[in-house]
Amino acid sequence: MNLQDPDLFRNAALIGGQWLARPDMAVTNPATGAVLGELPDCTAEETLAAIASAETAMVEWRARTHAERADILMRWYTLMLENTEDLAQILTAEQGKPLSESRGEVAYGASFVRWFAEEARRINGKIIPSPTAGKKIFAMKEPVGVCAIITPWNFPIAMITRKVAPGLAAGCTMVVKPSDFTPYSALALAVLAERAGIPAGVLNILTGKPATIGATLTASPVVRKLSFTGSTRIGALLAEQCAPTLKRLSLELGGNAPFVVFDDADLDAAVEGAMQSKFRNGGQTCVCANRIIVQSGIHDAFVAALAKRVDELRVGAGTEAVDIGPMINTAAIDKINAHVADALDKGATRVTLPRDLPSHFADPVVLAGASTEMLLAEEETFGPVAPIFRFETEDEALALANGTPFGLAAYFYTRDMARAFRFGEALEFGMVGLNTGLISSEVSPFGGVKASGLGREGAQEGIEEYLETKALHFGGL
């Protein structure tokens with residue numbers, strides 16, 4: 001990777017300020033299959049040690065003033081930006097996305113650290129007028145406690161900072177379990193966190209397979225909150241495991257985003273938005289357009305314009321000048337291929353040119369004639385496949401868009417202001433993009449409804465997820 005600072009690449013977990021090296025588990029580059037390094041597969045005992053170190057460290061960390069925690073987070077933010085190129089190189093090596101996207105993710109991830117450094121200074125309580133004379137009621141904000149953070153492989157830097165930064169700002173301590181596909185980004189962030197002055201034990205990084213670590217985290221009564229991004233199936237399992245200890249939960253789960261294009265839409269803007277939403281990170285995002293729903297009057301022109309853009313996409317290793325890198329693993333490729341084959345068997349038509357690619361890369365494809373009977377209408381493809389559904393009326397579009405148990409993100413394009421309000425409010429999703437394919441920002445609440453999860457990340461709501469409200473009643477005044 002030719003890192004300017006090789007010390008950022010750590011083959012070790014971090015527990016209580018100590019780096020634990022043990023070659024249990026190989027991590028590979030998805031573009032080449034080459035082994036990047038070997039890391040510990042942390043045991044239940046090591047997980048308990050991380051929890052204990054976080055519990056001990058929290059005594060001092062929560063006692064810091066809001067301004068002190070904010071200053072440390074700002075140093076972490078600055079270090080992230082100063083080491084953007086190395087972080088991007090590590091991210092691309094383990095995850096596969098193009099370097100241009102990796103650099104963008106570093107900036108995006110750092111934006112959460114800065115935002116919550118600023119929010120740390122604004123954690124306020126309030127005084128509530130008492131109904132009884134001679135009394136006062138204070139509503140105080142306190143940190144939830146030790147937090148377990150489980151992050152996915154598709155955005156291995158941003159998903160950590162979006163969860164860890166608000167927790168640290170609130171005064172919580174963290175035990176982080178990154179994906180075993182992409183642990184090195186988390187470890188590099190931890191190195192920079194140490195340099196920023198985050199004390200030992202406040203941030204712990206456990207590497208390894210998820211079953212043992214996850215079960216230990218969820219069973220521990222010391223852990224008071226779990227934040228998880230991943231599939232709905234695993235989110236439901238974690239919620240069940242957390243139930244006996246009644247932990248706070250933040251769950252950002254599966255999606256099945258509709259992308260609706262009305263006849264009166266700006267065609268060029270809609271195609272550009274579809275490219276941004278569908279093909280960023282090779283379609284491996286939870287908010288990507290999974291079902292593109294286009295009104296009949298603009299349908300043919302949209303399909304032709306989108307197919308032309310997709311045929312121009314460059315596919316290859318993320319270190320090259322490409323638009324789409326490899327998929328994360330063979331299982332992802334198999335699912336993508338199965339969805340495309342099922343759609344073609346059920347009447348869809350491929351409108352993009354086929355490519356001869358190595359087995360670990362997915363062929364970006366646009367499929368016309370998609371229908372609700374196809375697998376890709378019900379399941380997240382999580383790859384560069386754009387199925388186009390045709391509709392006639394607004395009511396039909398709404399039924400198609402809302403016809404899913406998921407409710408994370410939705411997009412629609414129209415220049416009709418009345419429809420913009422009417423349709424936007426009727427969509428059953430936690431986030432809606434009107435005439436834009438990009439909806440993620442540190443200043444905006446991120447999260448879904450229905451089977452897409454609980455809670456919000458980012459914005460002012462993001463830090464509230466790590467705070468408890470204590471009512472303090474004063475008498476005898």
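Structure's up top.
Everything numeric here is computed off the predicted structure, so don't read it as measured data.

Thresholds, definitions, all that
Along every chain, residues carry numbers that run from 1 in the direction the sequence is written. Where totals are concerned, whole chains, interfaces and linings use all residues; where local detail is concerned, this predicted model gives features only for residues with pLDDT of at least 70, and gives and counts side-chain atom pairs only at 80 or more. Calculated side-chain values reflect all of the structure's heavy atoms, with hydrogen atoms and water omitted. For the purposes of this entry, the term helix denotes a DSSP run of H or I that reaches at least four residues, the term strand denotes a run of E that reaches at least two, and both are numbered from the N terminus. Patch definition: residues with relative accessible area over 30% and no salt bridge; like charges joined within 9 Å; nonpolar side chains (Val, Leu, Ile, Met, Phe, Trp, Tyr) joined within 5 Å. Areas reported as accessible are Shrake-Rupley estimates using a 1.4 Å probe. Residue values count occlusion only from the protein chains shown. Within this document, salt bridges are pairs made up of a side-chain nitrogen of Lys or Arg and a carboxyl oxygen of Asp or Glu, the two lying within 4 Å of each other. Paired strands are those between which DSSP finds at least two bridges. A fitted line through C-alpha atoms serves as each axis, taken over the contacting stretch for helices, and the angle formed by two N-to-C directions is quoted from 0 to 180°. Partly exposed residues are those whose accessible area sits between 20% and 50% of the maximum for their type, while under 20% is buried and over 50% is exposed, using a 1.4 Å probe and protein chains only. Here a polar contact is recorded for every N or O atom pair within 3.5 Å, except that within protein the pair must consist of a potential hydrogen donor and a potential acceptor, and residues adjacent in sequence are included only if both atoms are side-chain atoms. In what follows, residue pairs with any heavy atoms lying within 4.5 Å of each other are defined as contacts. Our angle categories are set so that under 35 degrees counts as roughly parallel, over 145 as roughly antiparallel, 65 to 115 as roughly perpendicular, and the remainder as oblique. Under the convention adopted here, Pro, Cys and the residues Ala, Val, Leu, Ile, Met, Phe, Trp and Tyr are nonpolar, Asp, Glu, Lys and Arg are charged, and Gly plus all remaining residues are polar. Expected helix span is taken as 1.5 Å per residue step, with the number of steps being one fewer than the number of residues. Within this scheme, the nonpolar core is defined by two criteria: the residues are buried Ala, Val, Leu, Ile, Met, Phe, Trp, Tyr or Cys, and they are joined through side-chain atoms within 4.5 Å.

Chemist: Where do I start with the environment of aspartate 71 in this structure?
Modeler: In this structure, aspartate 71 sits in helix α2 (residues 66-82). Note: C-alpha distance between aspartate 71 and glycine 316 (245 residues apart in sequence) is 41 Å.

Chemist: Explanation requested: a nonpolar patch on the surface in the structure shown.
Modeler: The grouping of Met140, Leu472, Phe474 and Leu477 at the surface amounts to a nonpolar patch, some 340 Å² of accessible area in total. Following the sequence through the fold, phenylalanine 474 ends up in strand β22 (residues 467-474).

Chemist: I tried to follow the sheet that holds β22 on my own but got confused; where do I start?
Modeler: Pairing between sheet strands relies on hydrogen bonds along the backbone, with the strands arranged either parallel or antiparallel. Read from one edge of the open sheet, three strands run β5-β6-β22, paired in antiparallel fashion. Bordering the open sheet on either side are β5 (126-128) and β22, each of which pairs with just one other strand. Looking at each pair of strands side by side, their axes are set apart by 30° on average, direction ignored. Two strands pair when backbone bridges link them, and strand β6 (residues 136-143) and β22 are joined in this way by eight bridges, in the antiparallel orientation. Looking across to β22, one finds that isoleucine 137 is bridged to histidine 473.

Chemist: Which parts of the structure should I look at to understand the side chain of threonine 229?
Modeler: Position of threonine 229 relative to the elements: it lies in strand β10 (residues 223-229). Since its relative accessible area comes to 6%, threonine 229 is described here as buried. Here lysine 163 takes part through its side chain, which lies 2.8 Å from a polar atom of the side chain of threonine 229. When residues no more than four places from it in sequence are discounted, the contact partners of threonine 229 are Ile150, Thr151, Pro152, Met159, Lys163, Glu252 and Glu457.

Chemist: Looking at this model, I keep getting lost on the environment of arginine 280. Mind explaining?
Modeler: For arginine 280, the position within the fold is in the loop between α9 (267-279) and β13 (289-295). The exposure class of arginine 280 is partly exposed, given its relative accessible area of 28%. Sequence separation of arginine 280 and glycine 316 is 36 residues, and the distance between their C-alpha atoms is 14 Å. Excluding residues within four positions of it along the chain, arginine 280 makes contact with Glu101, Phe155, Met275, Thr285, Val287 and Leu438.

Chemist: I keep staring at the packing of helix α3 (residues 84-95) against helix α6 (residues 184-196) and nothing clicks. Help me out?
Modeler: Two elements in contact, α3 and α6, have axes whose closest approach is 9 Å; the angle formed by their N-to-C orientations is 160°. When the interaxial angle is binned, α3 and α6 end up roughly antiparallel. Every residue of α6 that contacts α3 at Leu87, Ile90, Leu91 and Glu94 is listed here: Tyr184, Ser185, Ala188 and Leu192. Taken together, the residues of the contact of α3 with α6 break down into six nonpolar, one polar and one charged.

Chemist: Can you walk me through the pattern of salt bridges in this structure?
Modeler: Close approach of charged atoms allows side chains with opposite charge to pair. In the structure shown here, the tally under the stated rule is 30 salt bridges. The salt bridge involving aspartate 342 is made with lysine 346; its shortest N-O contact spans 2.9 Å. Look at lysine 346 and you get partly exposed, because its relative accessible area is 42%.

Chemist: Could you clarify how one ought to interpret α2 in this entry?
Modeler: Helical geometry note: an α-helix holds 3.6 residues per turn, so side chains three or four residues apart project in the same direction. When the terminal C-alpha atoms of α2 are compared, their 24 Å separation across 17 residues agrees well with the 24 Å that a helix rising 1.5 Å per residue should span. Of the residues making up α2, those classed as buried are Arg69, Ala70, Ile72, Leu73, Trp76, Tyr77, Leu79 and Met80. Summarising the contacts, the buried residues of α2 are in contact with α1 (44-63), α3, α4 (99-120), α5 (158-170) and α6.

Chemist: Is there a simple way to think about the nonpolar core in this case?
Modeler: The nonpolar side chains of a soluble globular protein tend to be buried with one another. Within the largest apolar cluster, 67 residues are counted, with the highest numbers of intra-cluster contacts made by Val260, Ile292, Phe302 and Leu306. Excluding its chain neighbours within four sequence positions, the residues that come into contact with leucine 306 are Val271, Ala274, Met275, Ile292, Val366, Ala386 and Ile388. One finds Val106, Val113, Phe116 and Cys147 within the second-largest nonpolar core, a separate group that totals 62 residues.

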